[in-house]
Amino acid sequence: MMPTGGDIAFVTDARAWGGAEIYLSRIMSALNDSGWRVTLVASDREEVDGWLASVESDGVRVVRAAPHREIDRRAVERFSELLRGFPLVHVNKTAPRNSLPVIPAARRAGARHLVTTEHIVRPPVSHYPLGATVLTGLVRRTNRMVDRIIVVSEDSRRRYLRSYRPPADKVVAIHNGIDLTRFQKVGPRDEVRAELGLDASDLAATVVGRLTPGKGHDTLLDAAPAVLEAVPSLRLLLVGNGPLEEETRARADALGLGERVLFTGFRDDVPDLLAASDLFVLPSHGESFPLTVLEAMAAGLPVIASDVGGICEAVDHGRSGLLVPAAEPEALADALRRLGGDAGLRREMGERGRVRVERDFDERRSIEAVRSLYEDLDDADGGRP
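Reading the values: the criteria
- Residues numbered from 1 in each chain as written.
- Predicted model: local features only at pLDDT ≥ 70, side-chain atom pairs only at ≥ 80, totals over all residues.
- Heavy atoms only, no water.
- Phe/Tyr/Trp six-rings, centres within 6.5 Å; stacked < 30°, edge-to-face > 60°.
- Helix = DSSP H or I, 4+ residues; strand = E, 2+ residues; numbered from the N terminus.
- Buried < 20%, exposed > 50% of the residue type's maximum accessible area, 1.4 Å probe, protein only.
- Lys NZ or Arg CZ within 6 Å of the ring centre and 35° of its normal.
- Salt bridge = Lys/Arg side-chain N within 4 Å of Asp/Glu carboxyl O.
- Pairing = 2+ DSSP bridges.
- Right-handed = clockwise from strand over helix to strand, strands pointing away.
- Axes fitted to C-alpha atoms, helices over the stretch in contact; angles between N-to-C directions.
- Parallel < 35°, antiparallel > 145°, perpendicular 65-115°, else oblique.
- Left-handed = near helix turned anticlockwise from the far one by under 90°.
- Contact = heavy atoms within 4.5 Å.

Caption draft 1: The arrangement of the packing of aromatic side chains in detail. Under the counting rule described, the total for this entry stands at 3 aromatic pairs. Between Y160 and Y164, the ring centres sit 4.8 Å apart and the planes meet at 45°, which makes this aromatic pair tilted. Placement of the pair is Y160 and Y164 together in helix α6 (residues 154–164), with a separation of 4 residues, close to one helical turn. Like Y164, Y160 is buried. Seen in terms of ring centroids, F289 and F361 are 5.5 Å apart; in terms of plane orientation they differ by 55°. Their pairing is tilted. With F289 in the loop between β11 (279–282) and α11 (291–298) and F361 in the loop between α13 (343–360) and α14 (363–380), this pair connects stretches of sequence that are 72 residues apart. Assessed through its relative accessible area of 4%, F289 is described here as buried. Just above the ring of F263 sits the side chain of R249; from NZ or CZ to the centre is 4.3 Å.

Rendered as structure tokens:
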């Protein structure tokens, strides 16, 4: 295990409170509990005020920095000052193009080791001619300064190597994990359902995720009318907020779904909500290795999810859930009808999923893998200052 008492700086350009931020919180909390002196450098955005308050309540020092662009010489100078004195810097990136100025800044500041986590690995896009080519080149150049690149699934590792061509031994796949203890004590199912307005006979299909482009809420709503013909008890529980909330509500109304769809907004009691549900749906058009799928499995729910990214590395199709093509409402409707009409199958798949997540996706394993990576880097250079 990595020696305790070191100084480490994490850097994030977070714009919301989602899976990438939860991942980072868990690692920082574990290191802090082990005697490390942990600092988080985060962008000064109002959207992450709540998350950063929770980080500080866990004893992590937080430093706010002005938001920056991908190419920003002044950001390099600012982060060079902020990161001076930290032998280890870990950059948490929600996309390869994010936080590019931080990497040369960390090296300029004297960081002995530099690690990044890439949560989303798709190639960059740009509105400008040759913009994507320039950004890809910048990612490849800054990757030369990085010691290890963590990705969250084997699928992500293959795609990252194909897109950015770093040395293969530099890219390490470490699956996300979750805190299983959160699912051992949950609110009474009947009380939670009553608070949500669910009847005992309702079939609650829950989606947890921000209402943003690509999350597939539109695909789910388009599938729902056909499902209701066979499963009239279906209720869709949409947990989360986001810029597409008004548009999603309008779409539900236009499809005549009305009271069939419940919008909960942001909730911090996801284990309780999952315990009150009957199945979990993730209709995303693209993912890497989402925590929400693992949380649903930990709650004993069968999963219906788009077959994208590394989801198939968690959900065993036909055993713990059903995988369907992304953005195909008909395929999603078929899966919902199959599970919605078979309580025994839902129970069997949920039990298999719970066993799988308890065996393979306890967050203690993923956190220890990250700490072991730090230790390997330290051993490789003999622990020199």
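What follows continues from the structure just given.
Caption draft 2: Main features of the pattern of salt bridges. One pass over the full model with this rule turns up 30 salt bridges. Notably, a salt bridge pairs D49 with R64, separated by 2.9 Å at the nearest N-O pair. Placement of the pair is D49 in helix α2 (residues 49–57) and R64 in strand β3 (residues 61–65), with a sequence separation of 15 residues. Here the salt bridges do not stand alone but share partners, grouping R356, R359, D360 and R365 into one network.

Caption draft 3: Spotlight on the pairing of β11. Of the two faces of β11, the one holding L279 and V281 and the one holding F280 and L282 are both buried throughout. Bridging between strand β8 (residues 203–208) and β11 involves 2 bridges; their strand directions are parallel. Residue pairing for β11: A205 is matched across the bridge by L279. Direction of pairing for β11 relative to strand β12 (residues 303–306): parallel, over a ladder of 3 bridges. Across the sheet, residue L282 finds its bridge partner in β12, namely A305. Where the polypeptide runs from β11 across α11 and back to β12, its parallel neighbour, the crossover connection is right-handed.

Caption draft 4: Focus on the sheet that holds strand β4 (residues 88–93). The strand order across the open sheet built from 7 strands is β3-β2-β1-β4-β5-β6-β7, with neighbouring strands paired in parallel fashion. Two strands lie at the open edges of the sheet, namely β3 and β7 (171–173), each paired on one side alone. Taking each pair of neighbouring strands and ignoring which way they run, the sheet shows an average axis angle of 20°. By the bridge criterion, 6 bridges tie strand β1 (residues 7–12) to strand β2 (residues 37–43) in an arrangement that is parallel.

Caption draft 5: Expanded view of the packing of helix α8 (residues 217–230) against helix α12 (residues 329–340). Close contact between α8 and α12 brings their axes to 8 Å; oriented N to C, the two are set at 45°. Classified by the angle between their axes, α8 and α12 sit oblique to one another. Between α8 and α12 lies a crossing whose hand is right-handed. Judged by residue contacts, T219, L220, D222, A223, A226, V227 and A230 of α8 engage P329, L332, A333, L336 and R337 from α12.

Limitation: the analysis is restricted to geometry and does not speak to function.
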